[in-house]
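# Tertiary structure, described
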Amino acid sequence: MPGQTEEVLREFVIADGTRPEDAAQVCREALWVLRPALHTVYLDAYSDEPWPPEVAGAYDLAVALGEATAPDGFRGDHRMGIQIDVRDDIQFGVLLELAPHTIGAEGYRGDRQVFSAADTGTSLWFALTEEQHGRLLARLDEPGISAAVSAAPPRRRRRWWPSSWGFHPRP
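Residues numbered from 1 in each chain as written. Predicted model: local features only at pLDDT ≥ 70, side-chain atom pairs only at ≥ 80, totals over all residues. Heavy atoms only, no water.

### Describing the packing of aromatic side chains
A complete count under the given rule lists 3 aromatic pairs for this structure. Judged by centre distance (5.9 Å) and plane angle (25 degrees), the ring pair of phenylalanine 12 and phenylalanine 126 falls under stacked. Residue phenylalanine 12 is found in strand 1 (residues 10-14), and its partner phenylalanine 126 is found in strand 6 (residues 123-128); the two are separated by 114 residues along the sequence. Centroid distance tryptophan 51 to tyrosine 59: 5.6 Å. Interplanar angle 40 degrees. Geometry classified as tilted. Taking the relative accessible area as the measure of exposure, tyrosine 59 reaches 19% and is therefore buried. (Phe/Tyr/Trp six-rings, centres within 6.5 Å; stacked < 30°, edge-to-face > 60°. Helix = DSSP H or I, 4+ residues; strand = E, 2+ residues; numbered from the N terminus. Buried < 20%, exposed > 50% of the residue type's maximum accessible area, 1.4 Å probe, protein only.)

Given below as structure tokens:
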């Protein structure tokens, strides 16, 4: 809309060397903080490791949700790209349980991605406003998790490509 400015989002990733249980907690806390802003969320009910026994019920619910929401005549994999309604407490609970262990979960605010968990708990990325980041840090402080577990992602190196006029950054 004219005259409105878009909120500035800062990107964060899980820091190298973070204990798996702390990474799982950061994933869940980031989802709690992002919940009011999430419009669309997808979850894959797959993991490269055996699912922890404590998430078996959430896994069963995710598979049932995938089957129930598949379009008529869909013959594909009902466990991929399950759409989660974060306003529904049960579906949000499924997301909280499985996201730290899945090969893929992603959340969007409008058409902008603000959350990604992948690689069976080893990859976590999220984009937060300053206010959301403050809330996340407060939530992590309660169980004694250091703010250092979430860090700004490394800067991407620019590749240089030769051209007839010299070297220029690749678009």
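### A closer look at helix 1 (residues 20-34)
With 15 residues, helix 1 extends 21 Å between its outermost C-alpha atoms, agreeing within 8% with the 21 Å of an ideal straight helix rising 1.5 Å per residue. Where burial is concerned, most of helix 1 is hidden: 11 out of the 15 residues are buried. All buried positions along helix 1 are accounted for by Asp22, Ala23, Ala24, Gln25, Val26, Cys27, Glu29, Ala30, Leu31, Val33 and Leu34. Structurally, helix 1 contributes buried residues whose contacts are with strand 1, helix 3 (89-98), strand 5 (112-118), strand 6 and helix 4 (130-141). (Expected span 1.5 Å × (residues − 1). Contact = heavy atoms within 4.5 Å.)

### Looking at unusual backbone geometry
Although it is not a glycine, aspartate 119 sits at a positive phi angle of roughly 55 degrees. Within the element layout of this structure, aspartate 119 appears in the loop between strand 5 and strand 6. Phi is positive for threonine 120, close to 55 degrees, though the residue is something other than glycine. Within the secondary structure, threonine 120 sits in the loop between strand 5 and strand 6. Exposure remark for threonine 120: the relative accessible area of 17% places this residue in the buried category.

### Description of the packing of helix 2 (residues 56-69) against helix 3
Packing of helix 2 against helix 3 leaves a shortest axis separation of 9 Å and a crossing angle of 120 degrees. When the interaxial angle is binned, helix 2 and helix 3 end up oblique. At the point where helix 2 passes helix 3, the crossing takes the left-handed sense. Between helix 2 and helix 3, the residues in contact are Ala58, Tyr59, Leu61, Ala62 and Leu65 and Ile90, Gln91, Val94, Glu97 and Leu98, respectively. Of the residues assigned to the contact of helix 2 with helix 3, the class counts are 8 nonpolar, 1 polar and 1 charged. (Axes fitted to C-alpha atoms, helices over the stretch in contact; angles between N-to-C directions. Parallel < 35°, antiparallel > 145°, perpendicular 65-115°, else oblique. Left-handed = near helix turned anticlockwise from the far one by under 90°. Nonpolar A, V, L, I, M, F, W, Y, C, P; charged D, E, K, R; others polar.)

### Focus on the pairing of strand 2 (residues 40-43)
The pairing of strand 2 with strand 4 (residues 104-109) spans 4 bridges and is antiparallel. Residue pairing in the sheet places valine 41 in a bridge with glycine 107 of strand 4. Pairing of strand 2 with strand 3 (residues 82-84), which is carried by 3 bridges, proceeds in the antiparallel orientation. If you follow leucine 43 over to strand 3, its bridge partner there is isoleucine 82. (Pairing = 2+ DSSP bridges.)

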